[in-house]
Amino acid sequence: MKQSKLAGHLLSALTLFIAFAMFFPILWMFMTSFKTEAAAISFPPKFFFAPTLENWQIAIFDSPFLRYLRNTVSITFFSTVLALLLGIPTAYAMAFYPTKRTNSSMLWIMSTRMLPPAGVIVPIYILFLQLGLLNKQMGLVILYAAMNFPLVVWMLRSFMLELPYEVIEAARLDGATLWQELRQVIIPLLIPGIAATSLLALIFTWNEFFLAVNLTSSLDAAPLSVYISTFKAAQGNLFIAKMSAAATAAVIPVLVAGWVAQKQLVSGLTMGAIK
Amino acid sequence: MASSSMTTNATQKRSKLELRKYLSSPGLLFLIIVTQVPFVVAIYFSFTNWNLLRPNSKGFLGLGSMWRNYARILTNSTFYTVLWNTVVLTISVVVITFIFGLAFALLLNRPFPGRALARTLLISPFLMMPVAAAVLWKNILLDPASGLLSYYLQFFGVSRFYALEAFPMPSIIAILSWQWIPFVMLILLAGLQSLPESTIEAARIDGATGPTMFRFIVLPHLQRFIELALLLETIFILSEFGIIFVTTTGGPGIQTTNLPYQIFLEAFSRWNVGRASAYGIFAVILANIIIVLFLRVLNNNNQAEVPA
């Protein structure tokens, strides 16, 4: 008995150690962002140092960072809103007015999320070129809305199926119009589900790179992921700390969103296939 | 379900309600336009010799030679190298993340103080923007002059070790695995937590212990979670682009060029619309094989599952 208790403690310690080791690269980036450039490239690496905020000042405020951040925020916001506007009615119809084809439609919707973007990047590029959507936020908003539409439909449909049906039926018997039913009954009950879905959409949209780098390049449209990727080439040895500051700032919103939405993360990652 | 307890005077109302099934139309139409139309256009482009650098070359190849782009791809060794790279990358990452993801999920599936913290720390690599992760690994952790790995390896007599140059493909596999272990872990953990306590108790009473329990109770229960996690992961790793773009740009040579990166090169550095589209069709076919498997697993589950 005593032995198994010791084994239990050792397992717990091992788990915490592994968790810390997996997180360490992110922590190291965070620490590096507070070093001076000299300390950031010092050999041996410095674990203890006098922190400075200078890198953050330069990387965030004396750089185009905020312009890209603004692009990411507005692209993320509008694409999520568009996905919700199109997705909520679809989820509603699929949940409450199923037909013979509903099941296969749902599977088809999910399959579109899994298509390789590389397979259609050329026609999208050419179509965007002709429609004037190249290098425009609107272009990415449309694509990301389509990318998040399956997530919205699958998640919100499963949330809708869990709503107390008597409440919805009562509203219908009282002669509520569709708009009243959605506005006064379903949406209020669905707020937690919509919030969780939006957080997951935020994670995918914020981190997307392939479409972004091929369809946008300018300061007016390109999101943060495109900006961060420009750090791939070492720009002299005096940029590690500032790069760390910019990268840390770029990943923090998604880390926080993911931590907050931990409970829904699994169903979101599997489009609600696993609850 | 929808019309289960309608009152009799509501036939008219019902037919009006029935119209609500069309509420899905705008969304579905949008999805068709954005995801299917480009695919149809890609098929057409793949039968042209269009190159953006030669504006006149915009034409259909003609019935006789319409398969030229495909033939050129299939008769060139580049395609097979790229395909091999894609398969090696994907399978390696899936196997590694499965082993570690399962191990970590088992470790996390027992109550202990600090468990929530461990879980939070463990999922973080997956949440990280992939290009930021790539920049972090390339410039901070793996840098030969100032990186942590290089520093620790000098105690073993290796100086200025640059993993991305010495072992480009394994390095990319390592970075991707670091990002995707949490994904597999999360799904398998959800699977473990959905195993009813009573099943474990019953097996224990029947005398099952550690390895037997795992082999005959836990693993069969986990099977569908494992299938869904690994197939979903496969689909996304097949499309991996950002980490290669940042760390190796597909090199040296084409040693780390996978299918998406090859398409990117054909399209946006050679501007060869025709051939890039043909490559794209191969990527779609490859993905569809996995998607079909995934949907089959999913559908079987839905039918096997008794709704609670």
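Residues numbered from 1 in each chain as written. Chains lettered and ligands numbered in written order. Predicted model: local features only at pLDDT ≥ 70, side-chain atom pairs only at ≥ 80, totals over all residues. Heavy atoms only, no water.

Novice: Lay out the overall build of chain B in plain terms, naming residues and giving numbers.
Specialist: Of regular secondary structure, chain B possesses 15 helices and zero strands. Taken over the C-alpha trace, chain B has a radius of gyration of 25 Å; the compact-globule value for 308 residues is 19 Å, which it surpasses by more than 25%. In terms of principal-axis extent, the alpha carbons of chain B reach across some 75 × 70 × 30 Å. Taking all 308 residues of chain B together, the buried fraction comes to 54%. (Helix = DSSP H or I, 4+ residues; strand = E, 2+ residues; numbered from the N terminus. Rg over C-alpha atoms; globule rule 2.2 N^0.38 Å. Buried < 20%, exposed > 50% of the residue type's maximum accessible area, 1.4 Å probe, protein only.)

Novice: If you had to explain a nonpolar patch on the surface to someone new, which residues and values would you point to?
Specialist: On the surface, Phe47(A), Phe48(A), Tyr152(B), Phe155(B), Phe156(B) and Val158(B) cluster together into a nonpolar patch covering about 710 Å² of accessible area. Topologically, Phe156(B) is positioned in the loop between helix H8 (148-153) and helix H9 (163-166). (Patch = residues over 30% accessible without salt bridge, like charges linked within 9 Å, V, L, I, M, F, W, Y side chains within 5 Å. Areas by Shrake-Rupley, 256 points an atom, 1.4 Å probe, with all protein chains shown as cover. Salt bridge = Lys/Arg side-chain N within 4 Å of Asp/Glu carboxyl O.)

Novice: Requested: an account of helix H3 (residues 54-61) of chain A, with residues and values cited.
Specialist: Restricting attention to buried positions, one finds in H3(A) the residues Asn55(A), Trp56(A), Ala59(A) and Ile60(A). End-on view of H3(A): buried residues confined to an arc of 105 degrees, all on one side of the axis. (Arc of directions from axis to C-beta.)

Novice: Please give an account of the domain arrangement of chain A that cites residues and values.
Specialist: Residue and element names in this part refer to chain A. Structurally, chain A comprises domain 1 (2-56) and domain 2 (58-269). Taking the mean C-alpha position of each, domain 1 and domain 2 sit 32 Å from one another. The interface of domain 1 with domain 2 comprises 14 residues on the first partner and 18 residues on the second. Taking both sides of the interface into account, the surface hidden between domain 1 and domain 2 amounts to around 1,300 Å²; carbon and sulfur atoms contribute 72%. The interface formed by domain 1 and domain 2 holds one salt bridge in total. (Domains from an automatic or database assignment. Contact = heavy atoms within 4.5 Å. Buried area = accessible area lost by both parts, 1.4 Å probe.)

Novice: So what about the nonpolar core? Which residues, and what values?
Specialist: In terms of nonpolar packing, the biggest core is built from 209 residues, with Met160(A), Ile186(A), Leu215(A), Ile228(A) and Phe294(B) touching the most fellow members. For this core, the element with the most residues is helix H10 (residues 168-193) of chain B, which contributes 17 residues. Counting the residues that make up this core, at least three belong to each of domain 1 (2-56) and domain 2 (58-269) of chain A. Discounting residues that sit within four places of it in the chain, Met160(A) has contacts with Ile88(A), Ala91(A), Tyr92(A), Ala95(A), Phe96(A), Ile186(A) and Leu190(A). (Core = buried A, V, L, I, M, F, W, Y, C linked by side-chain atoms within 4.5 Å.)

Novice: Quick rundown of helix H7 (residues 137-161) of chain A? Include the residues and the values.
Specialist: Relative to the 36 Å expected for 25 residues at 1.5 Å per residue, H7(A) spans 35 Å between its end C-alpha atoms, a close match to the ideal helical length. The buried fraction of H7(A) amounts to 19 of the 25 residues, a majority that puts the element mostly inside the structure. (Expected span 1.5 Å × (residues − 1).)

Novice: Any details on the confidence of the model for chain A? Residues and values, ideally.
Specialist: Of the residues in chain A, 97% reach a pLDDT of 70 or more, and the chain-wide mean stands at 90. Of all the helices and strands in chain A, helix H13 (residues 262-269) of chain A carries the lowest mean pLDDT, 83, while helix H10 (residues 210-215) of chain A carries the highest, 96. (pLDDT = per-residue confidence, 0-100.)

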